[in-house]
Amino acid sequence: MGSTSKPCLPIIDYSKAKTDRLAVARELVDALEHGGFAYIDNVDCFEPWELLKRAEWFFSKPDAWKRKVATKNYNHDPNCKNVYRGYFAPNPEGNSYKEGFDFGAELPYDDPIMKRTLLYEHVTWPDEDDDCPNFREYLQKHHDNMTVVSKDILRMIALGLGLEESAFDSMIENKPMSTMRMLCYPVRTGPHPEAAVGSDGKKLHCDEHTDSALLTLLATFNFPGLQIQKDDENIAMTEWLTVDCRLNSLVMNIGECLSRMTGGILKATRHRVLDLGVQRISMPFFQGARYDADISQVFVGDKSHGDKWITDPTCTTYALWSLKRYKAKSNTEYANTELY
Ligand SMILES: O=C(O)CCC(=O)C(=O)O
Ligand SMILES: [Fe+2]
């Protein structure tokens, strides 16, 4: 991005979130009502280069090493218990071409909730070596930091919407579900499949989609390729806006669940990643709600908006919603899996 060009997304200065809370909250809601995306600047605990170093270390390992920490669909080990979290390998035929490592909020094995849902599953961590001695510790710390930031942002969103700051607290208190996803989009060696071509004919690394959770905090490091669909009724639906790399910023966006609960006032914007013929690494953090949170609640706005996302009336808890979305998404990994 040139220093004089106008940034393509609104910039939220998180360093002012304590001192100027209401003003920042209003700016945030304004951004999320219009484009559904914003840059979040000055998040002290976000250290992109430390994260990138660890992701590069992980993805440079041999396939067999990575598959040792994979979900059972990817390591073919009959003793493997992981169905939900861990490594997943790229699918050259799929609508996205990416490998990744998922982990998130875990509960102790003896927690009664663990008997009810696998969505708090423990991940298997990789063996560390001298090149990256604190992979697990660092990533878990990053996950915990992003949880704190996203909960604070959700409180600011409530404030900016004119609600009590605590309006969403019951959804996110105790152990809300979350996913930290370390992603690598490899360079393709084979032909580009039809499934990974965008609505305007562009070659894609990640399919056109909306996120499903409450909100996403994405680290793109300095890799270009992210695009969002323009939110302007005068512009043809196929018009895509490139999100410029912004050093040290997190890219934030709203998921379907929060869009639904805010009556469509906050936008869950479609986005995608272009395949630019080079390897890309990114790290989205998806903040969810508690597994049993009632996602049919609508806090503001048009109550019928939820029907756009959730056509199944039995899908009222966050866990049921997540399960349905995971199965529906391109990851065939989840298709035959009972998670709840
Ligand atoms: O890789 C990126 O920058 C975007 C990833 C993304 O949108 C997702 O995983 O939901
Ligand atoms: Fe996404």
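In short, a report on the structure. What you see is a predicted model, and the numbers here were worked out from it, not measured in a lab.

1. A word on the sheet that holds strand β1 (residues 11–13)
Two pairing modes exist for strands in a sheet, parallel and antiparallel, and in both the strands are linked by backbone hydrogen bonds.
Stage number 1. Ordered by their spatial adjacency, 8 strands build an open sheet running β1-β2-β10-β7-β12-β5-β4-β3, and the pairing between neighbours is mixed. The outermost strands of the open sheet, each flanked by one partner alone, are β1 and β3 (86–88). Each strand axis lies, on average, 25° off the axis of its neighbour in the sheet, ignoring direction.
Stage number 2. Packing against the sheet, helix α1 (residues 21–34) makes contact with β1, β2 (37–41) and β10 (250–254), and its axis sits at approximately 160° to β1.
Stage number 3. Those strands touched by helix α2 (residues 48–59) are β4 (99–103), β5 (178–185), β7 (215–219) and β12 (280–287), and its axis lies near 110° from that of β12.

2. Focus on the site of ligand 1
Stage number 1. Arg-181, Leu-183, Cys-206, Asp-211, Leu-218, Thr-220, Leu-226, His-271, Val-273, Ser-282 and Pro-284 make up every residue found near ligand 1.
Stage number 2. Contributions of two or more residues to the shell around ligand 1 are made by β5, β11 (271–274) and β12.
Stage number 3. The residue makeup of the shell around ligand 1, split by class, is 6 nonpolar, 3 polar and 2 charged.

3. Structural notes on the sheet that holds strand β9 (residues 240–242)
Stage number 1. The 4 strands lie next to each other as β6-β11-β8-β9, forming an open sheet whose pairing is antiparallel. The sheet terminates laterally at β6 (204–209) and β9, the two strands that pair on one side only. Mean inter-strand twist for the sheet, computed between neighbouring axes without regard to direction, equals 25°.
Stage number 2. Pairing geometry for strand β8 (residues 226–229) and β9, over 3 bridges, is antiparallel. Of the residues in β9, the one forming a bridge with Gln-227 is Thr-242.

4. A short note on the packing of α1 against helix α6 (residues 135–160)
Stage number 1. Relative orientation of the contacting elements α1 and α6 amounts to 85°, with a least axis distance of 8 Å. In terms of their interaxial angle, α1 and α6 are classed as roughly perpendicular. Every residue of α6 that contacts α1 at Arg-21, Leu-22, Val-24, Ala-25, Arg-26, Leu-28, Val-29 and Leu-32 is listed here: Met-156, Ile-157, Leu-159 and Gly-160.
Stage number 2. Classifying every residue of the contact of α1 with α6 gives 9 nonpolar, 1 polar and 2 charged.

5. Digging into the packing of α2 against α6
Stage number 1. Interaxial distance between α2 and α6 falls to 11 Å at its minimum, and their mutual angle equals 130°. Accordingly, the angle class assigned to the pair α2 and α6 is oblique. Our pair here, α2 against α6, has a crossing hand that is left-handed. Counting all contacts with α2, which are made through Glu-50, Leu-51, Arg-54, Trp-57 and Phe-58, the residues of α6 involved are Phe-135, Tyr-138, Leu-139 and His-142.

6. A short note on the environment of Asp-41
Stage number 1. Locating Asp-41 in the fold gives a position in strand β2.
Stage number 2. Residue Asp-41 is classed as partly exposed on the basis of its 17 C-beta neighbours within 10 Å.
Stage number 3. Once the C-alpha coordinates of Asp-41 and Arg-116 are considered, the two residues, 75 residues apart in sequence, prove to be 38 Å apart.
Stage number 4. If near-sequence neighbours (up to four positions away) are discounted, Asp-41 is found in contact with Ile-11, Ile-12, Asp-13, Tyr-14 and Ser-249.

The rules behind these values
Residues numbered from 1 in each chain as written. Chains lettered and ligands numbered in written order. Predicted model: local features only at pLDDT ≥ 70, side-chain atom pairs only at ≥ 80, totals over all residues. Pairing = 2+ DSSP bridges. Helix = DSSP H or I, 4+ residues; strand = E, 2+ residues; numbered from the N terminus. Axes fitted to C-alpha atoms, helices over the stretch in contact; angles between N-to-C directions. Contact = placed C-beta atoms within 7 Å. Near = placed C-beta within 6 Å. Nonpolar A, V, L, I, M, F, W, Y, C, P; charged D, E, K, R; others polar. Parallel < 35°, antiparallel > 145°, perpendicular 65-115°, else oblique. Left-handed = near helix turned anticlockwise from the far one by under 90°. Buried ≥ 20, exposed ≤ 12 C-beta atoms within 10 Å, placed from the backbone.

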